[in-house]
Amino acid sequence: MRETERLIALENKYGASNYASLGVVLKSAKGIYVKDVEGKIYMDFLAGYGALNQGHNHPEIRRAKREYEQEDEDGFSGITLGPRAFHTEALSAFLEKVAQVTGKEKVLPMNTGAEAVETAIKIARKWGYKVKGIPENQAEIITCERNFHGRTTTIVSFSTESQNYENFGPLTPGFKTVPFGDASALEAAITPNTAAFLVEPIQAEAGILLPPKGYLDAAYALCQKNNVLFIADEIQTGFGRTGDLFAFQHETKLKPDILTLGKALSGGLVPVSVAVANADIMDVIKPGDHGSTYGGNPLGAVIAKRAIEVVIEEEMSQNAKVMGEYFREQLREIQKSSSSIKEVRGRGLMTGVEIDGSAHETCERLVDNGILAKDAHGVI
């Protein structure tokens, strides 16, 4: 039995069947490349679902981690976990960096993307009650069809993908769903009890769906008009992947009230996420309202700060814009002679290819040709 089959059999025996993984076992990585246990090298087109915008094992991010872990003259090394019961030097510098690049005043650190979205929901609801004056337990948050914001019980409660929520009820109330890209539908859904509108600037898991030009600006204007918070979920679109530092920057007027970030925020080394907002919104959160044992841990803060700097210093946003346009041009040339490609779409290096047939089988064939990709709703 090859090592690949042996390891897959072990994972299938002892692991929960919550992923339909492709038949490759990865062992090491460098930049855009990964190597499996048999020694075969692949180009990684999935990039950790957007967590690896800086590439695998970026040397500058790893150097920051190593330097932080070095021992001082007394044998002490950088503290890896300082509970938020205490202050840490590393966290302060990280919070300042996030505030600078987002243009927001306050940062609430967590670990995973889903945690950041849950944080934004709690902030928006409390803001709705304490600031907007919504009656207790009546706050509504509007979301979009085909959204993907995570897999917690509350988040799957407003999913429109049946597998995400079926058999996981009772579901959390307080959410409305409108079509993605339809500003008129959003306007009709807003009521005096609407606290926030939560949206992905590009719907990634739905198949790299781009909104109509001007939609996000129009949605933001409606939120402003009705005293509704605009929450942009940039967990997968943030930090350069779409050709700007953040995808909302492709619009001209949009300034999200709350921004959720994760994935590439820490360059794929450790889980780090944040919700950011200005003080007039974030300050509804008081000590004891929300937190996490590992949220804001110093090691993650050091790594994430350097990960942000690398994106900016190496002009990765600009590179994603240029390379993404070139990549789609080449894919469209292939499309001309391929009956299996229905559409090529995307922005920056967030690109999707809609397949006429089985996208999963296409991904399996790509593995055989040294390319790692993953399908979502018929799109690669």
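For the structure itself, look to the data block above.
A brief report on the enclosed structure follows. (Residues numbered from 1 in each chain as written. Predicted model: local features only at pLDDT ≥ 70, side-chain atom pairs only at ≥ 80, totals over all residues. Heavy atoms only, no water.)

Right, let's talk about the sheet that holds strand 2 (residues 33-36) for a bit. Strand order in the open sheet formed by 4 strands is 1-2-3-13, and the pairing between neighbours is mixed. What marks the edges here is a single partner per strand, and that holds for strand 1 (26-30) and strand 13 (371-372). Note: strand 3 (residues 41-44) against strand 13, 2 bridges, orientation parallel. When the sheet's bridge partners are listed, Asp44 is paired in strand 13 with Leu372. (Pairing = 2+ DSSP bridges. Helix = DSSP H or I, 4+ residues; strand = E, 2+ residues; numbered from the N terminus.)

What follows concerns the environment of Phe94. Mapped onto the elements of the fold, Phe94 is located in helix 4 (residues 89-102). Looking at Phe94, the relative accessible area reads 1%, which means it is buried. Along the sequence, Phe94 and Asn137 sit 43 residues apart, while their C-alpha atoms lie 35 Å from each other. Every residue in contact with Phe94, bar those within four places of it in the chain, is listed here: Pro109, Leu265, Val272, Val274, Ala301, Ala304, Lys305 and Ile308. (Buried < 20%, exposed > 50% of the residue type's maximum accessible area, 1.4 Å probe, protein only. Contact = heavy atoms within 4.5 Å.)

What follows concerns the pairing of strand 10 (residues 273-277). In terms of burial, strand 10 is largely enclosed, as 5 of its 5 residues are buried. With 5 bridges joining them, strand 4 (residues 106-110) and strand 10 adopt antiparallel strand pairing. Across the sheet, residue Met110 finds its bridge partner in strand 10, namely Ser273. Inspection of the sheet shows strand 9 (residues 258-261) paired to strand 10 by 4 bridges, in the antiparallel sense. Bridge pairing in strand 10 places Thr260 opposite Ala275.

Because side chains alternate across strand 9, one face comprises the buried residues Ile258 and Thr260, and the other comprises Leu259 and Leu261, equally buried. Sheet topology note: the strand 8 (residues 229-233)/strand 9 ladder contains 3 bridges and is parallel. Residue Asp233 lies in a different strand from strand 9, and its bridge partner there is Thr260.

According to the stated counting rule, one finds 0 disulfides in the structure shown. Lacking any disulfide linkage, Cys223 is separated from the closest cysteine sulfur, that of Cys144, by 10 Å. Given a relative accessible area of 1%, Cys223 falls into the buried group. (Disulfide = S-S within 2.5 Å.)

Turning our attention to the packing of helix 3 (residues 59-69) against helix 11 (residues 298-313). One can describe the packing of helix 3 onto helix 11 by two numbers: an axis separation of 9 Å at closest approach and a directional angle of 150 degrees. Comparing the axis directions of helix 3 and helix 11 gives the class roughly antiparallel. Two packed elements cross with a definite hand, and for helix 3 against helix 11 that hand is right-handed. Across the interface between the two elements, Glu60, Ile61, Ala64, Lys65, Tyr68 and Glu69 from helix 3 touch Pro298, Leu299, Val302, Ile303, Arg306, Ala307 and Val310 from helix 11. When the residues that make up the contact of helix 3 with helix 11 are grouped by side-chain class, the tally is 9 nonpolar, no polar and 4 charged. (Axes fitted to C-alpha atoms, helices over the stretch in contact; angles between N-to-C directions. Parallel < 35°, antiparallel > 145°, perpendicular 65-115°, else oblique. Left-handed = near helix turned anticlockwise from the far one by under 90°. Nonpolar A, V, L, I, M, F, W, Y, C, P; charged D, E, K, R; others polar.)

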